[in-house]
Amino acid sequence: MTEKTIKNTEQLLKLAEDLLLDEKDFIVPVKKIWLKLSLMGEAETLAFEEFAIMLQQDGRFEVFDDTDDPQVDKLFGNHRSEWEELGYYFGPRVMLKDRKPSRKEIGQTLIQKTQQIFENLKKAWDLRPQDDEEEEDQLLQALASTQKLLRTLQKEFPDSSKKI
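Before going into details, it helps to say that this report is about the structure given with it.

About the thresholds
Residues numbered from 1 in each chain as written. Predicted model: local features only at pLDDT ≥ 70, side-chain atom pairs only at ≥ 80, totals over all residues. Heavy atoms only, no water. Helix = DSSP H or I, 4+ residues; strand = E, 2+ residues; numbered from the N terminus. Buried < 20%, exposed > 50% of the residue type's maximum accessible area, 1.4 Å probe, protein only. Contact = heavy atoms within 4.5 Å. Areas by Shrake-Rupley, 256 points an atom, 1.4 Å probe, with all protein chains shown as cover. Axes fitted to C-alpha atoms, helices over the stretch in contact; angles between N-to-C directions. Parallel < 35°, antiparallel > 145°, perpendicular 65-115°, else oblique. Left-handed = near helix turned anticlockwise from the far one by under 90°. Phe/Tyr/Trp six-rings, centres within 6.5 Å; stacked < 30°, edge-to-face > 60°. Lys NZ or Arg CZ within 6 Å of the ring centre and 35° of its normal.

1. Description of the overall build of the protein
The number of helices and strands found in the protein is seven helices and three strands. Scanning the protein from its N terminus toward the C terminus, one meets helices and strands in the order α-β-α-α-β-α-α-β-α-α. Expressed as a percentage of its 164 residues, the buried residues of the protein come to 30%. Considering only residue pairs separated by 6 or more positions, the protein has 66% of its internal contacts joining residues 24 or more positions apart. With the model as given, the accessible surface of the protein reaches about 11,300 Å², and the carbon-plus-sulfur share is 52%.

And the structure:
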């Protein structure tokens, strides 16, 4: 690597660190940070995969691989880009090693994300096709499971939640 490339890499990683510090969530999709940097004109020529590797190799960041779950593939299939346009990103996640969350923050995040999922499932229920029993059954099962998870989380983290 040339000295200029090293300097540019370091500047890019510093910007990524600053973006992570500004995020309300402590674990953020790598794609979200990469897209923000791209929109800023800082990562226009850098491929997403290269950026993810850069983060993995830097000691300030902890990157969590997002192994594809068959259920996720079944649910989202070829519609991933549509979900990403709505702000639901797939792929690895990143956090700053120096920004370890407290138990309360973890509880708040888990409860908030589960509530978001529950609300989105309710919207999907309202938009479901009326003549598809299989999809209706899947949505009912997902709603019930999510509601059960939410209640479990609220019991586990009582100081982090508001009841549904």
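Structure shown, so let's carry the discussion forward.
2. A closer look at the packing of helix α6 (residues 103-127) against helix α7 (residues 133-156)
The geometry of a pair of packed helices is captured by two quantities: the angle between their axes and the separation between those axes. The geometry of α6 relative to α7 is characterised by a closest axis approach of 9 Å and an angle of 160° between their N-to-C directions. In terms of orientation, α6 and α7 fall into the roughly antiparallel class. α6 and α7 meet at a crossing whose hand is left-handed. Mapping the contact onto sequence places Arg103, Leu110, Ile111, Thr114, Gln115, Ile117, Phe118, Leu121, Lys122, Ala124 and Trp125 in α6 and Glu136, Leu139, Leu140, Ala142, Leu143, Thr146, Gln147, Leu149, Leu150, Leu153, Gln154 and Glu156 in α7.

3. A few points about the packing of aromatic side chains
Considering all chains together, one arrives at one aromatic pair under this definition. Here Trp34 and Phe48 contribute two aromatic rings whose centre-to-centre distance is 5.6 Å and whose plane-to-plane angle is 70°, an arrangement assigned as edge-to-face. Separated by 14 residues along the polypeptide, Trp34 in helix α2 (residues 30-39) and Phe48 in helix α3 (residues 48-57) bring together distant segments of the chain. The residues Trp34 and Phe48 share a single accessibility class, namely buried. In this arrangement the basic side chain of Lys31 is found over the ring face of Phe48, its NZ or CZ atom lying 5.4 Å from the centre. Sitting above the plane of the Trp125 ring, Arg128 keeps its charged end 3.6 Å from the centroid.

Take it as geometry only, folks, not as evidence of what the structure does.
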